[in-house]
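Structure at a glance
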Amino acid sequence: MIAPQDDEETPLLQRPEQRTTKTPLPWDRFWIILLLEMPSFLSSQTLAPFIPQLIRDIGVTHGDESQVGYYVGILQSSCYAAHMLTIFHWSRLSDHIGRKPVMLTALLAIIVSMFSFGLSKTFLGLLVSRVFCGAFDSSDGVLETLVMDTTDVTNMPEAYGYIPIPWMIGNTVGPLIGGSLSRPADRFPDIFGRSELLKTYPYLLPCSISAFFISIAWLITYFCLKESVSTRTPLWELIKGRFFGQSYQKLRQPSSNVDPGEVQSKPLPLHALLTSKVLRVTTSYATTNLLYIAFTSVLPVFYATPIELGGLSLDPPRIGALLAAQGVTHGIFQLLFNARLHDRFGAGAIHITGVSSGIPIVILFPVINALARAYGVGVAVWLCVAVQLALTTSLVMCYPCMSLFVRAAAPNRASFGATNGIALAAVTVASIIAPASAASVFSYSLQEGHDAWSIYYFLMTITFLAVGTALLLPRDPSVWEDSQ
């Protein structure tokens, strides 16, 4: 059963004192949404620990260690670029044919891309795999809408308190799979040493295991997920309407039990959505994502880069373990403290604190390398690594805050999807720019004759940009709601 929804004149997020009755979370549907939050993180984090080594193995850098980060950035940015070009269309399609078929398509795309990535022996093959995944994986946008479909203003904050759980699992299990099971014939010769397949494709095993878990999520979605779109259009009718000029409104036939007011409500046109609030929250959301993606892109490359070149000389298993520990920390902290901190300080204060944590995070990069050069990878280095990863928890907490601001900034409830689409488009652009630019600057800083601190100047500039845009937001989304 779909949670009751407010009309367009009702503020999108109301304070607890404004609504005394809190709607319980519909766990018969919400547990599936939580499950579906996992595959995207699981797949990307499975690849993260071994991508630098894979780039070396395929020989595209011709032995030039400084070029590894450059090619890693290209792979990451290509996925986001394809995603940017298609996310709006997939989200719009889900409004017409339903969330479930689009979600099934997204999961299938992740599965196919993981197998393709594991079987690729050239950089072009890796690139095609990531582009395919980015083009067809619309899970982030559809899941945002599914959360809105399933919750109302009284229980959405509670729902966001649970969402870090699948993020934590995906960010923890993914690096463990990728870091522990890459090159299995070399690492576990007694078990996999006779497998010619795994010798030929040394990264197929972690990709296959990740794809297997995502296949289970696909089956659960197919059999258990209930459609949340009340009025749907058959895909063939939609295609005919596209080519023969029939309007979508004529094609959409509401069911008999749908509220007439819900059917008649119309989203605002694009120009009416570009309000000051929407532009401010979109800008802040994009710069926050720019900072986070730039950091997460540089981090595994920094770990894998030799100490003498400015990194930490860690192997994929250790990198995977560190990223897994980071994921566990993020999930547990958000689950235990996110709601309490939000109630005490407000979303704006949490967001500013999160982006400001980028300053010590960036400073710790050269500190860690300097300690490793002077004393080796010892207690002091691991302590600084732990502090740096702990600080990223504050940065990750910005994302639930931004979701609340997006809802509050929407001119009306019927325009939430379009408002969220604007924000996601900007966030995706940032996701395209961040990996390639950060990895390229990192590679540039490693080259002889260049300033080794270039990457840190670059990251610090992004940090100050994110802090500046965060100051454009109020302390709490309720300030915007009360003004509507």
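Taking an unreviewed UniProt entry as the reference, the protein chain is identified by name as Major facilitator superfamily domain-containing protein belonging to Suillus fuscotomentosus. As recorded by UniProt, the Subcellular location (unreviewed entry) comment attached to the protein chain reads in full: "Membrane".

**Points about the confidence of the model for the protein chain**
Averaged over all residues, the pLDDT of the protein chain equals 82, while 84% of them reach at least 70. For the protein chain, per-element mean pLDDT is lowest for helix 16 (residues 260-264), which scores 42, and highest for helix 13 (residues 204-224), which scores 95. In this model, residues 1-20 is a region of pLDDT below 50 whose contacts with residues beyond four sequence positions or in other chains number 49 contacts.

**A look at the packing of helix 21 (residues 358-375) against helix 25 (residues 454-470)**
Orientation of helix 21 relative to helix 25, taken along the N-to-C sense of each, is 175 degrees, at an axis distance of 9 Å. The angle between the axes of helix 21 and helix 25 places the two elements in the roughly antiparallel class. Here Gly358, Ile359, Val362, Ile363, Phe365 and Pro366 of helix 21 come into contact with helix 25, specifically with Tyr456, Leu459, Met460, Thr463 and Phe464. Broken down by class, the residue content of the contact of helix 21 with helix 25 amounts to nine nonpolar, two polar and no charged.

**Overview of the packing of aromatic side chains**
Within the structure shown, the criterion is met by 19 aromatic pairs. With 5.0 Å between their ring centres and 80 degrees between their planes, tyrosine 71 and phenylalanine 123 make a pair best called edge-to-face. Taken together, the positions of tyrosine 71 in helix 4 (residues 68-97) and phenylalanine 123 in helix 6 (residues 123-136) put the pair 52 residues apart, joining distant regions of the chain. Side by side, tyrosine 71 and phenylalanine 123 carry an identical accessibility label, which is buried. Considering the side-chain rings of tyrosine 285 and tyrosine 399, the 6.4 Å spacing of their centres and the 65 degrees angle between planes classify their relative orientation as edge-to-face. With tyrosine 285 in helix 18 (residues 276-304) and tyrosine 399 in helix 23 (residues 398-409), this pair connects stretches of sequence that are 114 residues apart. Per residue, the accessibility class of tyrosine 285 equals that of tyrosine 399, and both read buried. The ring centre of tyrosine 222 lies 5.8 Å from the NZ or CZ of lysine 100, which sits over that ring. A cation sits over an aromatic face here: arginine 344 above phenylalanine 345, 5.0 Å from the ring centre.

**Observations regarding the nonpolar core**
One broad trend across soluble globular proteins is that nonpolar side chains are buried collectively. Residues Ile55, Phe117, Phe302, Tyr303 and Leu312 are the most contacted members of the largest nonpolar core, which totals 112 residues. If one sorts the elements of this core by residue count, helix 18 sits on top with 16 residues. Each residue touching tyrosine 303, except ones within four places of it in the same chain, is listed here: Leu312, Ser313, Leu314, Ile319, Leu322, Val385, Gln388 and Leu389.

**Here's the deal with a nonpolar patch on the surface**
On the surface, a nonpolar cluster with roughly 460 Å² of combined accessible area is contributed by Val328, Ile332, Phe333, Leu335, Leu336 and Phe337. Locating phenylalanine 333 in the fold gives a position in helix 19 (residues 316-345).

**Side note on the environment of alanine 294**
Assignment of secondary structure puts alanine 294 in helix 18. Placed 168 residues apart in sequence, alanine 294 and isoleucine 462 show a C-alpha to C-alpha distance of 8.7 Å.

**Digging into the state of the cysteines**
Inspection of every chain in the model, using the stated rule, returns zero disulfides. Looking at cysteine 133, it has no disulfide partner, and the nearest cysteine sulfur is the one in cysteine 79, 4.8 Å off. Take cysteine 133: its relative accessible area is 4%, and that puts it in the buried class. A disulfide-free cysteine, cysteine 398 has its sulfur positioned 6.3 Å from the sulfur of cysteine 401, the nearest such atom. Taking relative accessible area as the criterion, cysteine 398 reaches 0% and is therefore assigned buried.

**What about helix 2 (residues 38-47)?**
Among the residues making up helix 2, those that are buried are Met38, Pro39, Leu42, Ser43, Thr46 and Leu47. Seen from one end, helix 2 has its buried residues packed into an arc of 150 degrees, which puts them on one side. Against helix 1 (27-36), helix 3 (51-58), helix 5 (99-119), helix 6, helix 9 (164-181) and helix 13 lie the buried residues of helix 2.

Cut-offs used in this document
Residues numbered from 1 in each chain as written. Predicted model: local features only at pLDDT ≥ 70, side-chain atom pairs only at ≥ 80, totals over all residues. Heavy atoms only, no water. UniProt positions renumbered as here; feature names shortened; annotations may be inferred. pLDDT = per-residue confidence, 0-100. Helix = DSSP H or I, 4+ residues; strand = E, 2+ residues; numbered from the N terminus. Contact = heavy atoms within 4.5 Å. Axes fitted to C-alpha atoms, helices over the stretch in contact; angles between N-to-C directions. Parallel < 35°, antiparallel > 145°, perpendicular 65-115°, else oblique. Nonpolar A, V, L, I, M, F, W, Y, C, P; charged D, E, K, R; others polar. Phe/Tyr/Trp six-rings, centres within 6.5 Å; stacked < 30°, edge-to-face > 60°. Buried < 20%, exposed > 50% of the residue type's maximum accessible area, 1.4 Å probe, protein only. Lys NZ or Arg CZ within 6 Å of the ring centre and 35° of its normal. Core = buried A, V, L, I, M, F, W, Y, C linked by side-chain atoms within 4.5 Å. Patch = residues over 30% accessible without salt bridge, like charges linked within 9 Å, V, L, I, M, F, W, Y side chains within 5 Å. Areas by Shrake-Rupley, 256 points an atom, 1.4 Å probe, with all protein chains shown as cover. Salt bridge = Lys/Arg side-chain N within 4 Å of Asp/Glu carboxyl O. Disulfide = S-S within 2.5 Å. Arc of directions from axis to C-beta.

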